[in-house]
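Here is what each chain is made of, one letter per residue.
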Amino acid sequence: MRLINWNNLFSPRRGMWLATALVIVFLLGAGNSSHNAITTAAASTSSGIYEPNDRERRVSKLVSTVLERQHYRQTPINDPVSSITLDRYLDALDPAKSYFLAGDIQDFEHVRYQLDDAVLNGALDPVFMIYNRFQSRSRERLEYALSLLKTPMDFTSNETFNYDRGKAAWPASTDELNELWRKRVKNDAISLMLTGKSWKEASDLLSKRYERALKNLDKVTSDDVFEVFINSLVHVFDPHSNYLSPRNSDEFKIAMSLSYVGIGATLQLVDDYVTVQNTIPGGSAATSGMINANDRILGVAEGKDGKIVDVVGWRLDDVVQLIRGKEGTFVRLQILPGGAAPGSPEKTITLKRSKITLEAQAAKKAIHTIKRDGKEIKVGVITVPSFYQDYDAHARGDKDYRSTTRDVRNLINELKTEGIDALVIDLRSNGGGNLQEAVGMTGLFIPKGPVVQVRETSGDINVLDDDDTPQVWTGPLTVLTDRYSASASEIFSGAIQDYGRGLIIGQQTYGKGTVQNLYPLDRYSLGKSPGFGELTITMGKFYRVTGESTQNRGVTPDIVLPSAIDTDDVGESTQQSALPWDRIRSANFVRTGNLKPSITELEQSHDQRVTKDPNYQYMLKNIAAYEELRNEKVVSLNLQERKLEREKNDKERLDRENARRVAVGLKPVTSLEALEKTKDEIPDELLDEATQITADFDLWWHRNQNMNAATDVANQ
């Protein structure tokens, strides 16, 4: 029996099984990089000492059996896996090395090569021993933090605080840990005082945060502890396999059924901050263009005028409940941009709650008219947010069911009627979706032939062909990608590039070249409640028709455009235990053209043009400024110095914006607050330049039509 469901691809940014991206705001499965990732249960233990129950012991043995037999790596759970699992577990509990002492870590060394046996036999006592120590240390730290707030702090010293402790050493003593927390609390206070709060207001707010975190410690259940540990084990095999506890499995199913109304974002807890993992195409968060992955939610307010409630340190469940609400109502979020240092300027945005519908996710078209040598070139743009399909309508046998391939075909025909000369397919932030649609949409642009190869756990290789989709566009084609273009997007863009059918423009894609299958473990629970949860497991790997994997490397664009998305922070290559890149034998396919000779000419025109484009130069300056801030991992603990730094950064941002506004004929603004209130259209510099490149490509295409015939066989 085939174990892989080829119709669905796993979205790398969602950490969940992706069907048609119908997720609203929901609780992400555990395994997040914060101690708060497990403070999400509804009940606490009476003794304060956590122990595994019989159900968890059974699930442990069941998960280990499925992993060993079905995972693509075909790796046994042994001593090396045990060692890595311990490190992952400690990192999941204490990623900033702010709770455990070096002595604690040394105490845990005796179980480094015992966790494999613990999992295989269901003897999970070492796992809970470690968590019980963590629970004790967490309580000590929070009580110490509260004690620091009883006395006003000195904000005039020249101390600094390194808030990026991922690679730091474990504190050697309680005194060292106290010093770390003294600076951490001081930085928390400065971050609040930079928003205009007094010391009393800041200390009162921090006291509530830390007291809330203490109460949250009592709401952890053994299931929460178990889920974090099992995901630490599962992620040793690869980053896209996940275990969902019965509770989180139910939450996910409810979200997928669209029973919840929200803003269209998936959230997780990272170092006390509710953090945006990604936005969902068609949701208000995505359509606003003002929320990005890794943004942190500092506060939530009901309606357009409600009071903002500080949510730093809250349980994820509680924040999600604040954001959810009746369809058509509004919620305001106070956001700290991802990568920004604590205390950086936040922004407040208003979003309308809505359900994510297939219509909202659907592909859309536009036309850009570009002038070249007195001639107007019409460039059509089709934006594809995801690879979707109306499963229910398809299952009913509805001949007119909605799908990406059908919608894009219709849009192309409409654009052809409107007289376009060239076409851009915009796949930015398209994290994947239905594999059948990726293959079908590729068929709209190539003659029939193979689109992607899939190697299963068994080693069997399946070649997925497009043999029944009529080719509807044979003219100049470009595909716009970014680092968030993943999975199905990489299959499409890779095939277009390999066939020589079009040029890829933008940023190197994510590099997610694996496929997952969902195992409902409840089938083994004999109907008991709560059940056993679900396991998503990597079962296969994708390869381009050339035989090269999309895994880890993604698709490299023919013409590179700049991006604020850092490839060192985002992408499969940044994930621990990501499967490696490799290659297999090429499929038998025929290239339709050789477009490489166009690249140098197009790049030269691009370089000349963007030096004179104020919007493009503004984008470059913003990226450079953002990169500089992102690279600063140490902040001053002098309040006046921090105020001056903020004022300097605000002025530089305002100066950049006003230089752009004057250059494009807009009036300058007097402040960033005034800028937020303007109704001026925000330019999409990358899409605008992509259409310019495509217009140049159209001219090249028609000058070199003879080169666009089939020229060579790929596997020669």
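As shown above, the structure is provided for reference.
The structure reproduced in this document is the subject of the present report. (Residues numbered from 1 in each chain as written. Predicted model: local features only at pLDDT ≥ 70, side-chain atom pairs only at ≥ 80, totals over all residues. Heavy atoms only, no water.)

Each aromatic ring pair is described using two quantities: the centre-to-centre distance and the angle formed by the ring planes. Taken as a whole, this structure holds 14 aromatic pairs when the rule is applied. Pairing Tyr-99 with Trp-181 gives two aromatic rings, centres 5.5 Å apart and planes at 75°, and the pair type is edge-to-face. Of the two residues, Tyr-99 sits in the loop between α2 (79–93) and α3 (102–108) while Trp-181 sits in helix α6 (residues 174–193), which places them 82 residues apart along the sequence. Neither Tyr-99 nor Trp-181 differs from the other in exposure class; each is buried. Through a chain of ring-to-ring contacts, three or more aromatic side chains come together here, namely Tyr-50, Tyr-99, Phe-100, Phe-108, Tyr-131, Phe-134, Trp-170 and Trp-181. (Phe/Tyr/Trp six-rings, centres within 6.5 Å; stacked < 30°, edge-to-face > 60°. Helix = DSSP H or I, 4+ residues; strand = E, 2+ residues; numbered from the N terminus. Buried < 20%, exposed > 50% of the residue type's maximum accessible area, 1.4 Å probe, protein only.)

Attention now moves to the pattern of salt bridges. As enumerated under the stated definition, the model contains 35 salt bridges in all. We note a salt bridge from Glu-179 to Arg-182, for which the minimum N-O separation is 2.9 Å. Of this pair, Glu-179 and Arg-182 both sit in helix α6, three residues apart, which is roughly one turn of that helix. Notably, a salt bridge pairs Arg-372 with Asp-696, separated by 2.7 Å at the nearest N-O pair. Of this pair, Arg-372 sits in strand β9 (residues 364–372) while Asp-696 is found in helix α21 (residues 685–703), placing the two residues 324 residues apart along the sequence. Summarising the burial analysis for this pair, Arg-372 and Asp-696 share the class buried. It is possible to trace a salt-bridge network through shared partners that takes in Asp-104, Asp-107, Arg-133, Arg-137 and Glu-140. (Salt bridge = Lys/Arg side-chain N within 4 Å of Asp/Glu carboxyl O.)

Further remarks concern the sheet that holds strand β14 (residues 477–481). If you trace the six strands from one edge of the open sheet to the other, you get β9-β10-β11-β14-β15-β18, paired in mixed fashion. Edge positions in the sheet fall to β9 and β18 (559–560), since each has one partner strand and no second. Note that β14 and strand β15 (residues 503–506) share four bridges and pair parallel. Counted as the bridge partner of Thr-478 is Leu-503 from β15. Its contacts with the sheet place helix α14 (residues 404–417) against β9, β10 (375–383) and β11 (422–426), and it is angled at close to 35° to β9. Contacts from α21 reach β9, β10, β11, β14, β15 and β18, with the element oriented near 60° to β9. (Pairing = 2+ DSSP bridges. Contact = heavy atoms within 4.5 Å. Axes fitted to C-alpha atoms, helices over the stretch in contact; angles between N-to-C directions.)

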